[in-house]
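# Geometric and topological summary
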Amino acid sequence: MNSLTPMHFPRFTEADHQQLAAVLNQLSSAAREHLLRSMEAVAVIDERPLLSILPLLGPTLRLLPSASCTTVLAHVAQLALAFPAGIVPLFRTLGRAYDTAGEQRTIEWITIGAAIANRNPSAGEAFFSLTSRTSLLALRGASPTVYLSDIQGVLLKYLHMLSGTAIGLTDTDTVLFPPPLAEGDGTVIPLPFRIERFATYEENFRLYRVLVAHHVGRLLFGTAQCSPARLWPALALSVYTVVGTEVVSPTDLDSYFRLFPRPDLLESLFLQIEGKRTAGRLAALYPGLRADLAWAESLSGFTSPEVTVVLSHLSESVWTNLHASGTTADALLLASQLYARFLRHAAPLPADAVSFAPHAPIDDEATDALAFLTGVELDGDTTDDFSDTEADAARRRQALTLTDLRYVYDEWDFAIGDYRPHWCELREVPLPSDEGAFFSRTVARYADLIPDIKREFQHLRPRMYRQVTGLEDGEEVDLNAVVNARVDRHIGLSPSTKLYMARQLVERDVAVLFLVDVSASTAAPLVESQDRQVLDLMKEAMVLLSVALEELGDAYAIYGFSSNGRRDVEAYPVKTFAESLSSEVQGHIGGLTARGSTRMGTAVRHATRRLKEVASRAKLLVLLSDGYPEDAGYGKAVIPPLYGLRDTMMAFREAERSGITPFCLTIDKAGHDYLREMCPASRYMVIEDVLSLPTELPKIYQRYRARLV
């Protein structure tokens, strides 16, 4: 053995030395030498971090074949000479890296990380911790994790094409198969916030497809309409057998499950049986789904052992009958009988435990589009089974909805010069309404000014018309075209008949999103008026601007935002692009309240997402804030907060690359000190007189818009 021994680590206890010796004994002499050299390089700086990875070394290195282990550890030893600070995070992720990429790519990954660490040690630590985008890309090209917020548009199309009904999505924290029941009438279905169960993106996305298909099966084949009250005469005996007393019939499935000592087991039994029934019916309707559904049936680890054992007692004929003619009532009755026979003595859960219609036909074009989006050819013959009624057509025209989704965004870390992938989570949170009271008060407060604002914006309207020439019919004769036609006739050519011109309305060519900081600091009272807050001025500005934009006709949206850490960023849709300035929207403006902090970069990225969904020639993002970006974990607590400023700067650049022009407005008089870190001087403005904000904002928008069109 090499002269290096475990005793070179004086801070280790005897137990630590024994643990390390056990690891070394499983390695070849060359691998032992490489490992000890790596650890010694770390110990020269500080051996305490080594104690945290001692328990990981044995299991990690056992994942590597003997030959690969020696080769990989040789590269780790080389890295330790140049960058010892990366060794501890590397050993934490080495097993995951090797399991994902294999020997050759793992070695290449270490080499790339060493080069990055040579340029930027902080970036090197993030790289070997697998917390930088570059690290993930270097290791496997892209993370296999699939986030619901990234694919929700595709899934909504998938849902709509399969069911012919407008269905919304909400997210959950766990991955369950079959999926949990949707609440209410089943028009908002729960799906996992993310799926990372499999090593490939394709398999994770495939599981999303299967979960969606199961929800559609429940809608099409009666699960959502199941009523235990109507089935009570058949169910009562099973309940009495388990409970021992007579109970009142429940009104819904959840209440029914909770009659039993282990509602989680009964629900799981029912979902498994009902899932097999609806999957069989769905596969018969859409043969193209059979492969996905069969693949999901083969997955293990989703069903509890108790339920697996109980279901094993069912014969194949039971499943055949369920597929052929079974109903939801049959599935519920069978699940109840199985529970009463096999699980009625299952111990109750602790008190704090958590248990967990005809449709329209799909034409060839829609089927092709669906296959392109999801990778599934449906090949379903629906021509004989479903009628294209007027109600079906109305449902198809309904807008697809999203409910309570988490959106995941990267965040720029200037210290490592790289993105933190999937770092921040954002939700769109509905606003309460004040029934338009604030809107009405603001209109009354500025009653003398509003007519002038409207008049100014009306002056912009003629610019929305342009002179169009080369028409065969129009308002005026185009003299140039007439002269050219006479010349053509004179020289023997066939003259053009397009001799007219007209002023034609140009479609809306500007879309603007106003992003309003509603962090806790906006609750500060105005010095001049103790009964009004800074946020009140921002809201008044939104009222006046909304009135003005209604005159102009530009597409516009208003969102508020606040945060409480990277996993709790909130956006508040005051007015979306699809909404008009209705009484409901007017009430939302009054519903804005001050709360939380200001994770500005994430909010800007979400606003960019919303603007990218709009078809307009010019797109403008206006950020209105009262200070610099700050939040828990948003970089070091220094002033100015460089981390947040640089992240917001990168978010603005991302918006620009998407064809969006960002502009930042602040009422912080010290704004010049830090805004130059976020954007060029031409892209921000500091409003010195806070009280002038409501009257100045429409003027600022009017001037800035003129640069775009």
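Shown above is the structure to which this text applies.
In short, a report on the structure. Just so we're clear, the structure is a prediction, and the values are computed from it rather than from any experiment.

Calculation rules
Residues numbered from 1 in each chain as written. Predicted model: local features only at pLDDT ≥ 70, side-chain atom pairs only at ≥ 80, totals over all residues. Heavy atoms only, no water. Helix = DSSP H or I, 4+ residues; strand = E, 2+ residues; numbered from the N terminus. Buried < 20%, exposed > 50% of the residue type's maximum accessible area, 1.4 Å probe, protein only. Areas by Shrake-Rupley, 256 points an atom, 1.4 Å probe, with all protein chains shown as cover. Phe/Tyr/Trp six-rings, centres within 6.5 Å; stacked < 30°, edge-to-face > 60°. Pairing = 2+ DSSP bridges. Axes fitted to C-alpha atoms, helices over the stretch in contact; angles between N-to-C directions. Contact = heavy atoms within 4.5 Å. Parallel < 35°, antiparallel > 145°, perpendicular 65-115°, else oblique. Left-handed = near helix turned anticlockwise from the far one by under 90°. Nonpolar A, V, L, I, M, F, W, Y, C, P; charged D, E, K, R; others polar. Expected span 1.5 Å × (residues − 1).

Attention now moves to the overall build of the chain. Across its full length, the chain holds 27 helices and 17 strands. When each of the 709 residues of the chain is scored for burial, the buried share is 51%. In the form shown here, the chain has an accessible surface area of approximately 32,700 Å², with 52% of it arising from carbon and sulfur atoms.

Once that is clear, we can look at the environment of Asp-330. With respect to the secondary-structure elements, Asp-330 resides in helix H16 (residues 328-343). Spatially, the C-alpha atoms of Asp-330 and Phe-270 are 10.0 Å apart, while their sequence positions differ by 60 residues.

What follows deals with the packing of aromatic side chains. Enumeration over the complete set of coordinates arrives at 13 aromatic pairs. On the numbers, 5.7 Å between centres and 70° between planes, the contact of Tyr-147 with Phe-193 is edge-to-face. Linking Tyr-147 in strand S1 (residues 146-147) with Phe-193 in the loop between strand S3 (188-192) and strand S4 (194-195), this pair joins segments that are 46 residues apart in sequence. Of the residues examined, Phe-193 reaches a relative accessible area of 6% and is grouped as buried.

Reading across from one edge, S5-S6-S14-S13-S10-S15-S16-S17 is the order of the eight strands in this open sheet, with mixed pairing throughout. The sheet is open, and its two borders are formed by strand S5 (406-413) and strand S17 (684-686), each paired with just one other strand. Averaged over all neighbouring strand pairs, the angle between strand axes comes to 25°, with direction disregarded. Contacts from helix H25 (residues 642-657) reach S5, strand S6 (418-428), strand S15 (618-625) and strand S16 (660-666) within the one sheet, and its direction differs from that of S5 by about 115°.

A separate point is the packing of helix H1 (residues 14-25) against helix H3 (residues 48-62). When two helices pack together, their arrangement is given by the angle between the helix axes and the distance between those axes. With their axes 9 Å apart at the nearest point, H1 and H3 run at an angle of 20° to one another. Comparing their axes, H3 and H1 come out roughly parallel. Crossing handedness for the pair H1 and H3: left-handed. Here Asp-16, Gln-19, Leu-20 and Val-23 of H1 come into contact with H3, specifically with Leu-51, Leu-54, Pro-55, Leu-57, Gly-58 and Leu-61. Residues belonging to the contact of H1 with H3 are distributed by class as follows: seven nonpolar, two polar and one charged.

The next point concerns the pairing of S3. Of all five residues that make up S3, four are buried, and the element is covered over most of its length. Summarising the sheet, strand S2 (residues 168-172) and S3 pair through five bridges and their orientation is parallel. Within S3, the residue paired with Leu-169 across the bridge is Ile-189.

With that settled, the discussion passes to the packing of helix H12 (residues 263-285) against helix H13 (residues 290-297). It is at 9 Å that the axes of H12 and H13 come closest, and there the two elements cross at 160°. When the axis of H12 is compared with that of H13, the two are roughly antiparallel. Regarding H12 and H13, the two cross each other, and that crossing is left-handed. Side by side, H12 and H13 meet where Lys-276, Ala-279, Leu-282, Ala-283 and Ala-284 of the first sit next to Arg-290, Leu-293 and Glu-297 of the second. Considered class by class, the residues forming the contact of H12 with H13 number five nonpolar, no polar and three charged.

Once that is clear, we can look at helix H2 (residues 29-46). With 18 residues, H2 extends 25 Å from end C-alpha to end C-alpha; this agrees with the ideal 26 Å at 1.5 Å per step. Residues Ala-31, Arg-32, Leu-35, Leu-36, Ser-38, Met-39, Ala-41, Val-42 and Ala-43 constitute the buried set of H2. The secondary structure elements touched by the buried residues of H2 are H1, H3, helix H4 (66-82) and helix H5 (87-119).

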